[in-house]
Number of protein chains: 2
Amino acid sequence: MKDFPSFDDIRQAAQRIKPHVHRTPILTCESLDRISGCKLFFKPENLQKVGAFKFRGATNAVFSLSDKEAAQGVATHSSGNHAAALALAASRRGTKAHIIMPQNAPAIKKSAVLGYGAEITFCEPTLKAREDGLNAVVEKTGAVIIHPYNDPLVIAGQGTAALELIEDVPDLDAVIAPVGGGGLMSGTALAISALAPRVRIIGAEPSGADDACRSLQAGRIIPSQNPTTIADGLLTSLGSLTFPILHKHLERIVTVSEQAIISAMRQIWERMKLVIEPSSAVPLAAIQEGQWKQQNIRIGVILSGGNVNLDELPWVK
Amino acid sequence: MKDFPSFDDIRQAAQRIKPHVHRTPILTCESLDRISGCKLFFKPENLQKVGAFKFRGATNAVFSLSDKEAAQGVATHSSGNHAAALALAASRRGTKAHIIMPQNAPAIKKSAVLGYGAEITFCEPTLKAREDGLNAVVEKTGAVIIHPYNDPLVIAGQGTAALELIEDVPDLDAVIAPVGGGGLMSGTALAISALAPRVRIIGAEPSGADDACRSLQAGRIIPSQNPTTIADGLLTSLGSLTFPILHKHLERIVTVSEQAIISAMRQIWERMKLVIEPSSAVPLAAIQEGQWKQQNIRIGVILSGGNVNLDELPWVK
């Protein structure tokens, strides 16, 4: 049974990963402030290594291993940013990453993972095949499984983004981040509640993948069933570690339409000159769409990542 | 007759514009270092207000005016980033900007300028019509003309980007910037040669608009004739102030192909997650294409801007 991460784990993670990650800047944009009616402070984790906050958590987990554990390698099943993050973190530690990936994963994801020196095992595109593939690799190699979000070290690593945000902008009224499996949101909640307890902590989720919103309302984990959203990083459901943290610390989760996500995404490309993936646009969509109406407050907005296929943009037909 | 700007003018410009501009961060990217064979330190002026370095020079010029001058308004002819920059700078000063713009300018440029509260006078798309239009507006209003690059205050303002770059990364071997009319390159050369005289100063220019390269070789200004390049910010020719500064300080100007520009542009979008316009990609293209071959040196790279039509990307057919 895994322990819940604490704020102290986030502090330690920040020290541990410091030599390996970018300290991303804080960016502001007057025209988006005007459109949104609030003062926004963006933490652009699309500028993080591998193009996503995921590198923070993966690096913290991989560099927390003993030398003996590390020698066995690490493993995960993922077709997304966690796979690339774990691959690069393992390469930095000088160990092997084994990634179980569905055959139909986009070529761009495969080549990113291979580019970081990981070994891919392909499987059928079902959760069962992925889990079976992962177990087989672990049995064969003894590799340590690093879960994409339901892992205290991963959560602590993700929390370092909010730690930096609040160090750089201490006088926020609220912080908002996207919710998928809840790793980023949990780390954010732990960091903010410890460092700035009067700051409101808000989650943002696509209406088409609103398991976290429904779970918080029900008081228990309600997994996603056939979620559909352009925000492909937010399809996963909360885990046994992330649900209780969110339940304890979040003021609420705001759900948003697909149209609001695409509109917010384009605004950030056009006005902030940042390439972000749809998942990253969900918090701005939540600020703008009107279900959570705020005026003139100071909001920290975590932009989760920027890995998107430049040949297929949602506004180009 | 206008005076040449000095390094002291850049220092003063930095103080003057500080309350109004973003101090853009320094970004690095290991995969671009690997591809390029050098260690690159990017100064992303696409993240500057109005999405381009031009806001530095326009702000310096507008805030250098006496109250009496400022009350008359400012004017320029431009369909590009200088127009938007001057419009916003004038609005900040609480004065009027008059922009003479060809009727066929892209709608996105018109709306940017109007959004900043400037007044547009449309004219035929010829240089003569633009100059006539500008003179007519100045005669009527008494507005002060702010030239996009051949103005010592504009050049001094543009030099503040390199000033910040060398403050943040003092131990560079070279600095490279794109050359259009030469305002950014002149300011960069003045800042770098004063602050870090052993740093090599390199210009980058599209082969299809290589007037600066030919001018430096000939030792006199050779204006562009029908330049064609995707780098639409670099079509202009050097001026009477910028040519002598470049002639004195530049080691050389590297020219690059259209293909190298598009490739470098896509790399920066894909790997750095930055929306840049083609002109911004010209320095990276110069580092990569091979005419100026360097190994393992530390290069400061100024990314000039990010104003591009997201519906028409060069790699999307």
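Residues numbered from 1 in each chain as written. Chains lettered and ligands numbered in written order. Predicted model: local features only at pLDDT ≥ 70, side-chain atom pairs only at ≥ 80, totals over all residues. Heavy atoms only, no water.

## Notes on the overall build of chain A
Here is step 1: Looking only at helices and strands, one finds 13 helices and nine strands in chain A.
Here is step 2: Pairs at least 24 apart in sequence give 74% of the contacts found in chain A among residues at least 6 apart.
Here is step 3: Placing the 32 positive and 30 negative side-chain charges of chain A at their respective mean positions leaves the two points 3 Å apart. (Helix = DSSP H or I, 4+ residues; strand = E, 2+ residues; numbered from the N terminus. Contact = heavy atoms within 4.5 Å. Lys, Arg positive; Asp, Glu negative; His and termini not counted. Charge placed at Lys NZ, Arg CZ, Asp CG, Glu CD.)

## Observations regarding the interface of chain A and chain B
Often, the extent of an interface is quoted as the loss of accessible area upon association of its parts.
Here is step 1: The partner chain B presents 25 residues to the 24 residues of chain A that form the contact.
Here is step 2: Interface of chain A and chain B: buried area, both sides summed, is about 2100 Å²; carbon and sulfur atoms make up 56% of it.
Here is step 3: Here A:Arg92 and B:Glu30 are joined by a salt bridge, their closest N and O atoms 2.3 Å apart.
Here is step 4: Here the element with the most residues in the side of chain A that touches chain B is helix 12 (residues 258–272) of chain A; it accounts for four residues.
Here is step 5: Considering only residue class, the side of chain A that touches chain B consists of eleven nonpolar, six polar and seven charged. (Buried area = accessible area lost by both parts, 1.4 Å probe. Salt bridge = Lys/Arg side-chain N within 4 Å of Asp/Glu carboxyl O. Nonpolar A, V, L, I, M, F, W, Y, C, P; charged D, E, K, R; others polar.)

## Observations concerning the sheet that holds strand 9 (residues 298–303) of chain A
Residues and elements named next belong to chain A.
Here is step 1: Pairing within the open sheet is parallel, and its five strands lie in the order 1-9-6-7-8. Taken across any chain shown, the strands that pair with only one partner, and hence form the sheet edges, are strand 1 (39–44) and strand 8 (252–256). Along the sheet, successive strands turn relative to each other by an average axial angle of 25 degrees, direction set aside.
Here is step 2: Sheet topology places strand 7 (residues 200–206) next to strand 8; five bridges connect them, and they run parallel. Within strand 8, the position partnered with Glu205 by the bridge is Thr255.
Here is step 3: Relative to strand 6 (residues 174–178), helix 9 (residues 183–195) is tilted by about 165 degrees, and along the sheet it contacts strand 6, strand 7 and strand 9. (Pairing = 2+ DSSP bridges. Axes fitted to C-alpha atoms, helices over the stretch in contact; angles between N-to-C directions.)

## Some points on the domain arrangement of chain A
Residue and element names in this part refer to chain A.
Here is step 1: Each domain of chain A was delimited in the assignment, giving domain 1 (7–52 + 151–303) and domain 2 (55–145).
Here is step 2: Here the C-alpha centre of domain 2 lies 25 Å away from the C-alpha centre of domain 1.
Here is step 3: The interface of domain 1 with domain 2 comprises 22 residues on the first partner and 14 residues on the second.
Here is step 4: Buried area between domain 1 and domain 2, both sides added, is near 1600 Å², and the carbon and sulfur share of it is 57%.
Here is step 5: A per-residue breakdown of the area domain 1 buries against domain 2 is headed by Arg16, His20 and Val50, which together make up 38% of the total.
Here is step 6: Counting every contact that joins domain 1 to domain 2 gives two salt bridges.
Here is step 7: Of the charged contacts, one joins Arg56 and Glu45 as a salt bridge, the two residues approaching to 2.7 Å between their closest N and O atoms.
Here is step 8: Scanning the region where domain 1 abuts domain 2 turns up nine residue pairs in polar contact (both at pLDDT 80 or more).
Here is step 9: Looking at the side of domain 1 that touches domain 2, the elements with two or more residues in it are helix 1 (7–17) and helix 8 (152–168).
Here is step 10: The dominant element in the side of domain 1 that touches domain 2, judged by the number of residues it contributes, is helix 8, at eight residues. (Domains from an automatic or database assignment. Polar contact = N/O pair within 3.5 Å; in protein donor to acceptor, adjacent residues only side chain to side chain.)

## A word on the pattern of salt bridges
Residue and element names in this part refer to chain A.
Here is step 1: Taken as a whole and assessed by the stated rule, the structure comprises 34 salt bridges over all chains.
Here is step 2: We note a salt bridge from Asp132 to Lys128, for which the minimum N-O separation is 2.6 Å. Within this pair, Asp132 and its partner Lys128 are both found in helix 7 (residues 127–141), separated by four residues, close to a single helical turn.
Here is step 3: Classification of Asp132 as partly exposed rests on a relative accessible area of 38%. (Buried < 20%, exposed > 50% of the residue type's maximum accessible area, 1.4 Å probe, protein only.)

## Brief notes about the state of the cysteines
Residues and elements named next belong to chain B.
Here is step 1: In this structure the tally under the stated criterion is zero disulfides over all chains.
Here is step 2: Cys38 provides the cysteine sulfur closest to Cys213, a residue in no disulfide bond, and the two sulfurs are 20 Å apart.
Here is step 3: For Cys213, a relative accessible area of 12% corresponds to the buried category. (Disulfide = S-S within 2.5 Å.)

## Considerations on the environment of A:Phe41
All names here are of chain A.
Here is step 1: Note that Phe41 resides in strand 1.
Here is step 2: Looking at Phe41, the relative accessible area reads 8%, which means it is buried.
Here is step 3: Put simply, Phe41 and Asp168 are 127 residues apart on the chain and 9.8 Å apart in space, counted from C-alpha to C-alpha.
Here is step 4: Sequence-distant contacts of Phe41, that is, excluding residues within four places in its chain, are made with Ile26, Leu27, Thr28, Leu165, Val169, Leu172, Arg298, Ile299, Gly300 and Val301.

## With respect to the packing of aromatic side chains
Here is step 1: A complete count under the given rule lists three aromatic pairs over all chains for this structure.
Here is step 2: Their ring planes at 85 degrees and their centres at 5.1 Å tell us that A:Trp269 and A:Trp315 sit as a pair that is edge-to-face. Placement of the pair is A:Trp269 in helix 12 and A:Trp315 in the segment after strand 9, with a sequence separation of 46 residues. In terms of burial, A:Trp269 and A:Trp315 fall into one category: buried.
Here is step 3: Linked through ring pairs, A:Trp269, A:Trp315, B:Trp269 and B:Trp315 together constitute an aromatic cluster.
Here is step 4: Here the basic side chain of A:Lys39 rests over the ring of A:Phe41, its NZ or CZ set 5.4 Å away from the ring centre. (Phe/Tyr/Trp six-rings, centres within 6.5 Å; stacked < 30°, edge-to-face > 60°. Lys NZ or Arg CZ within 6 Å of the ring centre and 35° of its normal.)

## Examining the nonpolar core
Here is step 1: A:Trp269, A:Leu274, A:Ile299, B:Trp269, B:Leu274 and B:Ile299 are the most contacted members of the largest nonpolar core, which has 80 residues in total.
Here is step 2: Residues B:Leu172, B:Ala189, B:Val199 and B:Leu241 belong to the second largest nonpolar core, which totals 36 residues. (Core = buried A, V, L, I, M, F, W, Y, C linked by side-chain atoms within 4.5 Å.)

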